Amino acid sequence: MGLHIESMRVALGGNVVLRDVSISLPQGDTVAVVGCNGAGKTTLLRSIMGLVKPVSGRLLLDGRNIGEEPAYLRAAAGFGYAPEDRVIFPALTVAQNIALPCDVQGVSRREIARRAEAVLAAMPQLKPMLQRSGAALSGGQGKMVALARALMVGTRYVLLDEPFQGLAPVLARQYGDALRALRESHPQLCVVITESNASLLDGVQSLTLFIERGYVTADRASAGHRREISGEGE
Ligand SMILES: Nc1ncnc2c1ncn2[C@@H]1O[C@H](COP(=O)(O)OP(=O)(O)OP(=O)(O)O)[C@@H](O)[C@H]1O
Ligand SMILES: [Mg+2]
């Protein structure tokens, strides 16, 4: 069960960006992906979302190779994604922005209301903003809305690209609190967070993956040791 990436290799513009990455993303973990600028963090998330086609390797979800499936099926498979350049639609209200990917998928009104209630329980600071225009949000508030939107479809996996980057300390703390609240309310959810500056993460993760020169290595916080899980050593 869960998502297993097997020997995934990704090339962009003729350069190999990810080399034979083999990682497991178990349900219920908060996984940090840490690496410097240009290390391949965004490429890893985009590959999982099907937005980049790997040269080789498999993406197994509960044993099914979703790497063969088009990107638009990821939402139905329970994957939510908040890109670095979160897009908030200014002509829509915050509530409409949050519900948008569910609307596109044809999720029923009743189910949308049920999911929104669970998301807002973890992010109560969004409640007073729901009827506000998307145009009236600060950059940090926009990140909160982008997280809520990713959670509406990401019932199994939520991929967040550098969410802490540029957040004021107060908002960063709220964001970390929301992620911790999600652990309680959505125990099966796997949250993947990229960051170039690991100190911004506030210890929210249970597993850390390091990306360096296209290789990915893992460090499980509770185990307290660094374990090589991919690359030429295996
Ligand atoms: N469309 C593209 N064509 C060619 N090379 C690309 C393309 N997109 C990214 N790259 C290269 O792939 C490498 C990884 O890029 P990626 O955006 O995944 O890094 P990142 O870890 O997300 O960096 P950052 O912290 O700056 O967001 C970089 O060397 C980058 O120059
Ligand atoms: Mg990036």
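Refer to the preceding data block for the structure.
Residues numbered from 1 in each chain as written. Chains lettered and ligands numbered in written order. Predicted model: local features only at pLDDT ≥ 70, side-chain atom pairs only at ≥ 80, totals over all residues. Heavy atoms only, no water.

Draft legend 1. Quick look at empty space enclosed by the protein. Applying the stated criterion across every chain, the model contains one cavity of 30 Å³ or more. Of the voids in this model, the largest cavity is the one considered here, and its volume is about 60 Å³. Its residues assigned to classes, the lining of the largest cavity shows six nonpolar, no polar and five charged. (1 Å grid on protein atoms, 1.4 Å probe; cavity = no way out; pocket = protein on both sides within 12 Å on 5 of 7 lines; lining within 4 Å. Points joined across faces, edges and corners; volume = space filled by probe spheres on them. Nonpolar A, V, L, I, M, F, W, Y, C, P; charged D, E, K, R; others polar.)

Draft legend 2. Focus on the packing of aromatic side chains. Under the criterion given, the structure shown has two aromatic pairs. Each ring, one from Phe 79 and one from Tyr 157, has its centre 5.0 Å from the other, and the planes form 15°; the classification is stacked. Here the residue Phe 79 occupies a position in strand 6 (residues 79-82), and Tyr 157 occupies one in strand 7 (residues 157-160), the gap between them amounting to 78 residues. Using a relative accessible area of 1% as the deciding quantity, one classes Phe 79 as buried. A relative accessible area of 0% places Tyr 157 in the buried class. Here Phe 164 and Tyr 175 contribute two aromatic rings whose centre-to-centre distance is 5.3 Å and whose plane-to-plane angle is 65°, an arrangement assigned as edge-to-face. One end of the pair, Phe 164, is in the loop between strand 7 and helix 5 (169-185); the other, Tyr 175, is in helix 5, and eleven residues separate them in sequence. The class of Tyr 175 is buried, set by a relative accessible area of 1%. (Phe/Tyr/Trp six-rings, centres within 6.5 Å; stacked < 30°, edge-to-face > 60°. Helix = DSSP H or I, 4+ residues; strand = E, 2+ residues; numbered from the N terminus. Buried < 20%, exposed > 50% of the residue type's maximum accessible area, 1.4 Å probe, protein only.)

Draft legend 3. Highlighting the pattern of salt bridges. In total, this model carries nine salt bridges according to the counting rule given. Here Arg 64 and Glu 69 are joined by a salt bridge, their closest N and O atoms 2.9 Å apart. Taken together, the shared-partner salt bridges connect Glu 111, Arg 114 and Arg 115 into one network. (Salt bridge = Lys/Arg side-chain N within 4 Å of Asp/Glu carboxyl O.)

Draft legend 4. Molecular detail of helix 3 (residues 109-122). The terminal C-alpha atoms of helix 3 lie 20 Å apart, and with 14 residues this matches the ideal 20 Å at 1.5 Å per residue to within 8%. Turning to helix 3, its buried residues number three or more, namely Ile 112, Arg 115, Ala 116, Val 119, Leu 120 and Ala 122. All buried residues of helix 3 lie within an arc of 145° about the axis, which places them on one face of the element. In helix 3, the exposed positions angled more than 90 degrees off the buried face are occupied by Arg 110, Arg 114, Glu 117 and Ala 121. (Expected span 1.5 Å × (residues − 1). Arc of directions from axis to C-beta.)

Structural measurements only, silent on function.
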